[in-house]
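As a plain string of letters, each chain reads:
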Amino acid sequence: MEALWQDFRFGVRTLLRHRLTAGLALLTLALGIGANTAIFSVVNGVLLRPLPYPRPERLIAIIDSAPSLGFPRFSSSGPNFRDWRDENHVFSSLSAYRRSVFNLSGAGTPETVPGGAVTFDFFRTLEVAPTLGRFLRLDDDRPGAERVVVLSDGLWRAHFGADPAVVQRRLMLDGKEYTVIGVAPPQAAAAYDSRVALWVPLALDPAHESRGSRYLKVIGRLRPGIRLPRAQAEMSAIASRLQRQYPEADKGWLVVLRPLRDLMVERVRPALATLQLAVGLIMLIACANVGSLLLARLAAREREIAVRSALGASRGRLTRQVVAESIVLFAAGGAAGLLLAVLAIRALVAFERNAIPRAETIGLDPWVLGYAVLLTLATGAAVGLVPAWGGLGGGQIHRALKESGRAVGGGRAWRLRSALVLAEVALALTLLIGAGLLLRSFSRLRSVDPGFSPDGVLTLTVSLPSARYPAAEPGRQVSFQRRALERLRALPGVTAAATVAPLPFSGADYVDSFRLEGKPRPAPGEMPSADVGGVSPGYFQAMRIPLLRGRTCGEGDDAGAPLVVIVSHALAARFWPGSDPLGQRMSFDEGTSDAQARWWTVVGLVGDVQAEALGGLSKGAMYRCMLQWPRTPLSFVVRSAGAPGALAAPVRQALRELDGELPLDRMSTMPELVAASLVERRIRTLLLALFAALALVLAAVGIYGLISDSVTRRTQEIGIRIALGAGRGQVLGLVLRQGMRLVLAGLAVGLACSWLGARLLADQLYQVGTGDPLTFGAVPVLLAAVALMANWLPARRATEIDPLDALRTE
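Being a predicted model, the structure only gives us computed values, none of them experimental. (Residues numbered from 1 in each chain as written. Predicted model: local features only at pLDDT ≥ 70, side-chain atom pairs only at ≥ 80, totals over all residues. Heavy atoms only, no water.)

### Side note on the overall build of the protein
No. 1: Secondary structure summary: the protein contains 24 helices and 24 strands in total.
No. 2: Within the protein, the proportion of its 810 residues that are buried is 53%.
No. 3: Taking the intrachain contacts of the protein between residues at least 6 apart in sequence as the baseline, contacts between residues at least 24 apart amount to 81%.
No. 4: By element, 59% of the accessible surface of the protein is carried by carbon and sulfur atoms, the whole surface being about 35300 Å². (Helix = DSSP H or I, 4+ residues; strand = E, 2+ residues; numbered from the N terminus. Buried < 20%, exposed > 50% of the residue type's maximum accessible area, 1.4 Å probe, protein only. Contact = heavy atoms within 4.5 Å. Areas by Shrake-Rupley, 256 points an atom, 1.4 Å probe, with all protein chains shown as cover.)

### What about the packing of helix α22 (residues 728-758) against helix α23 (residues 773-799)?
In a pair of packed helices, the angle between the axes and the distance between the axes together describe the arrangement.
No. 1: Packing of α22 against α23 leaves a shortest axis separation of 9 Å and a crossing angle of 155°. By the angle between their axes, α22 is roughly antiparallel relative to α23. Crossing geometry of α22 relative to α23 is assigned as right-handed.
No. 2: Considering only residue class, the contact of α22 with α23 consists of 19 nonpolar, four polar and two charged. (Axes fitted to C-alpha atoms, helices over the stretch in contact; angles between N-to-C directions. Parallel < 35°, antiparallel > 145°, perpendicular 65-115°, else oblique. Left-handed = near helix turned anticlockwise from the far one by under 90°. Nonpolar A, V, L, I, M, F, W, Y, C, P; charged D, E, K, R; others polar.)

### Thoughts on the pattern of salt bridges
No. 1: As enumerated under the stated definition, the model contains 28 salt bridges in all.
No. 2: The partner of Glu 661 in a salt bridge is Arg 468, with the nearest N and O atoms 3.2 Å apart. Taken together, the positions of Glu 661 in the loop between α18 (648-658) and β24 (667-669) and Arg 468 in the loop between β13 (457-462) and α15 (474-489) put the pair 193 residues apart, joining distant regions of the chain.
No. 3: For Arg 598, the salt bridge goes to Asp 589, with nearest N and O atoms at 3.7 Å.
No. 4: For Arg 598, a relative accessible area of 47% puts it in the partly exposed group.
No. 5: For Asp 589, a relative accessible area of 16% gives the class buried. (Salt bridge = Lys/Arg side-chain N within 4 Å of Asp/Glu carboxyl O.)

### Some details on the pairing of strand β22 (residues 621-625)
Two faces, one strand: in a regular strand the side chains alternate between the faces of the sheet.
No. 1: Burial within β22 is extensive, with five of its five residues counted as buried.
No. 2: Residues Ala 621, Tyr 623 and Cys 625 line one face of β22 and the alternating positions Met 622 and Arg 624 line the opposite face, and both faces are buried.
No. 3: Here strand β19 (residues 564-568) runs beside β22; their pairing, made up of three bridges, is antiparallel. Bridging from a neighbouring strand, Val 567 pairs with Met 622 of β22. (Pairing = 2+ DSSP bridges.)

### Details of α15
No. 1: Here α15 spans 23 Å end to end across 16 residues, near enough to the 22 Å set by a 1.5 Å rise per residue.
No. 2: Those residues of α15 lying buried are Gln 477, Val 478, Phe 480, Gln 481, Ala 484, Leu 485 and Leu 488. Buried residues of α15, seen end-on, are gathered within an arc of 160° and therefore sit on one face of the element. (Expected span 1.5 Å × (residues − 1). Arc of directions from axis to C-beta.)

### Some remarks on the environment of Leu 151
No. 1: Looking at the secondary structure, you find Leu 151 in strand β7 (residues 148-151).
No. 2: Distance from Leu 151 to Val 166, taken between C-alpha atoms, is 9.4 Å for residues 15 residues apart in sequence.

### Some details on the packing of helix α3 (residues 78-87) against helix α6 (residues 228-245)
No. 1: Their axes nearest at 11 Å, the elements α3 and α6 cross at an angle of 130°. Taken together, α3 and α6 sit at an angle that is classed as oblique. For the element pair α3 and α6, the recorded crossing hand is right-handed. Here α3 contributes Asn 80, Asp 83, Trp 84 and Glu 87 to the contact with α6, which in turn contributes Glu 234, Met 235, Ile 238, Arg 241 and Leu 242.
No. 2: Residues of the contact of α3 with α6, tallied by class, amount to four nonpolar, one polar and four charged.

### Structural notes on the nonpolar core
No. 1: The biggest cluster of nonpolar side chains holds 72 residues, and the ones touching the most others in it are Val 46, Leu 431, Phe 691 and Ile 703.
No. 2: Elements with a minimum of two residues in this core: α2 (19-48), α9 (269-300), α11 (315-352), α14 (411-446), α20 (679-713), α22 and α23.
No. 3: Here the element with the most residues in this core is α20; it accounts for 16 residues.
No. 4: In this view, Phe 691 contacts Ala 35, Ile 39, Leu 275, Ala 278, Val 279, Ile 282 and Leu 431; residues no more than four positions away in its chain are not counted.
No. 5: In this structure, Leu 104, Leu 173, Leu 202 and Ala 239 belong to the second largest nonpolar core, which totals 40 residues. (Core = buried A, V, L, I, M, F, W, Y, C linked by side-chain atoms within 4.5 Å.)

### With respect to the packing of aromatic side chains
No. 1: Summed over the entire model, instances satisfying the criterion amount to 17 aromatic pairs.
No. 2: Note on Phe 71 and Phe 74: the rings are 4.9 Å apart at their centroids and 50° apart in plane angle, and the pair reads as tilted.
No. 3: Under the relative-accessibility criterion, Phe 71 is labelled buried at 15%.
No. 4: Overall, Phe 74 belongs to the partly exposed group, its relative accessible area being 26%.
No. 5: Measuring from centroid to centroid gives 5.1 Å for Phe 540 and Tyr 623, while their planes differ by 90°, and the two rings are edge-to-face. (Phe/Tyr/Trp six-rings, centres within 6.5 Å; stacked < 30°, edge-to-face > 60°.)

### Section: a nonpolar patch on the surface
No. 1: Taken together, the side chains of Tyr 704, Met 789, Trp 792 and Leu 793 make up a nonpolar region of the molecular surface, amounting to roughly 370 Å² of accessible area.
No. 2: Ranked by residue count, the leading element in the nonpolar patch is α23, at three residues.
No. 3: Along the polypeptide, Trp 792 turns up in helix α23. (Patch = residues over 30% accessible without salt bridge, like charges linked within 9 Å, V, L, I, M, F, W, Y side chains within 5 Å.)

### Notes on unusual backbone geometry
No. 1: With an omega dihedral of 0°, the bond running from Ala 501 to Pro 502 counts as a cis peptide bond.
No. 2: That bond from Thr 632 to Pro 633 is cis: its omega, 0°, falls within 30 degrees of zero.
No. 3: Relative to the helices and strands, Pro 633 is located in the loop between β22 and β23 (634-640).
No. 4: Even without being a glycine, Glu 127 presents a positive backbone phi close to 60°.
No. 5: Examined against the element boundaries, Glu 127 turns out to sit in the loop between α4 (122-126) and β6 (132-133).
No. 6: A residue is classified by how much of its surface remains accessible, and Glu 127, at 30% relative accessible area, is partly exposed.
No. 7: A positive phi angle, close to 55°, is found at Gln 767, a residue other than glycine.

Read these as geometric descriptors, not functional statements.
Spelled out as structure tokens, the structure:
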């Protein structure tokens, strides 16, 4: 142990004597270890860490699925949920919930808070206990029961100062009074939404539930000893019975079971896997760089090592000293890398929290620290063995003793350094091409036309409280919309204003089934469906969605007028190919005869809009007139002649004058919403581009270090060549050829690796092939140019060698 401690102390002294080399190696390692630790912290928190509940592996998401109808994953209906709950024998508890937003008043300034309606056993399924008070009971979850609410830990602390007397206080939600019965622990929101503020009873009413109305999320807890395949088989059998019993609503609908955690993170799993692979390549490049530096240091100490060997030091003893020096270097780099990782994690979570599921779990926990320590020590030992193997051979030591004092290199050590630099070039090219493909894809995606003009549009979403705007009295909602739009259109700088539900790129959507007049009635469960939106007069003009034929909604299209609908070009092409859609009629009423159905007449044809995400395939949409089909929450779109942000205060003031209790905090510009839909792709692309740039720099440093060391070791040879008449161009070419041969070999290997690696990105690309000629042509040229510069710097120094000084060099 004493000898090992001496090796570590000697390693520290060695590093302190060579501060420039050590500093360069430390910076390289800090970047590599920091990047790996930061990305692993995200992978650990999002993908690996279990949900914060007892036996989280038993929490299962139960999903309605109809692949044949174009819905591989969908919500469930109330009647189906009750049948699942009552007939299954594999779940100890089955719960349903519906995400929603609430207008919260009575606790300061009115605001909109995310929350949900849940069945009484929701918290029992999660197996969590209340921090204060109690959770929901069966009596709370009945239609007509007293209104109660459970607060989240975040809302309790932010709005009530963690007051333990909050239980039994009254809150106003959507204009109705609720009694606080309890406070949930912080982990209660993890399976739902980390931003959730409160929960209210779902209170399903069998008398008013339609089996075809699918809006519920369902989770269950498996009984002890029950495996997922058995549960899947039983739930599939129940789904088959429901298909036979209720073909109108359930034909073609299956039940799919997924572990809840897997379902929550499946959207980001490919991106995180890509980033983890990228930082792994960065670490390999950093290790190759440091290994090359250590080999150079060992070559400079060949005579010292040869003397020590001649005096009795064993090869094992010398190897241990080299490995100890490497571990000391990596430990220092790891400490610096941890600091960089902390800063990177904080920045990532702070700026992109809403784009990362389970972001609250990301941090430097013991698992991440253990990963960083293991990565540091393992790579330090492995990299230390490389120069020990390459520079401590008996032949090299014997040759060093015969030399007259000159540092002797070459041989196995030189070949090993050359191989490391070649690997650096190949890995850097692989990363650069991957980043280039994603950048090209992201650029294509950003240039996609959404079908409307987002510039200059301000949006504001409000939920009309049911207490003052009841669904049973739609005239109140219509009156509010008309008065609000009248005020907004009168504001200075406003060129157009309208309402829509749901708002494009807001994350909300509404899908409805329909049947067409004059066509055979669809078989049970086979009614076509499409996205449906409600719009006010002036919406298409405000959003600048082109009107292709007919007309849009007008002020006369109210509750007393014939029902009208506007369809998009893609929807018309699906259902009336080669025919004029104007005048065609459709009905959204299921289970009614043609005589009893309400028929909506197509009066207009508009352009297609990408309302959920750029780059998606539009299956078409239809728009009902909001005056005939009022909706809440509804969104205002206000087009400005100038910067839309300048209208924020006037718009809020105009709406406050109409209803001072409406929360007006859900405001943003349309370009911000469009950009938010690309946030995940933007994060992934920027991070991979950053890592690729880092790889490029590290590869350039590795090439420069190798060729610079080569020039130093060949000083006498180059001096003799110059003395014998070699010109500057000949010397320059000599050095450049030596370096560029390695670079070209690395590029060849890197192109092969890139061709294979690009296939891993196929699902993450948009309108860019995995063999994109521009990327595969331009990126190697860029890397070759950087490598040429890294070669040229030491090559130029070689041309300035003085032959007399070179001949005196020992």
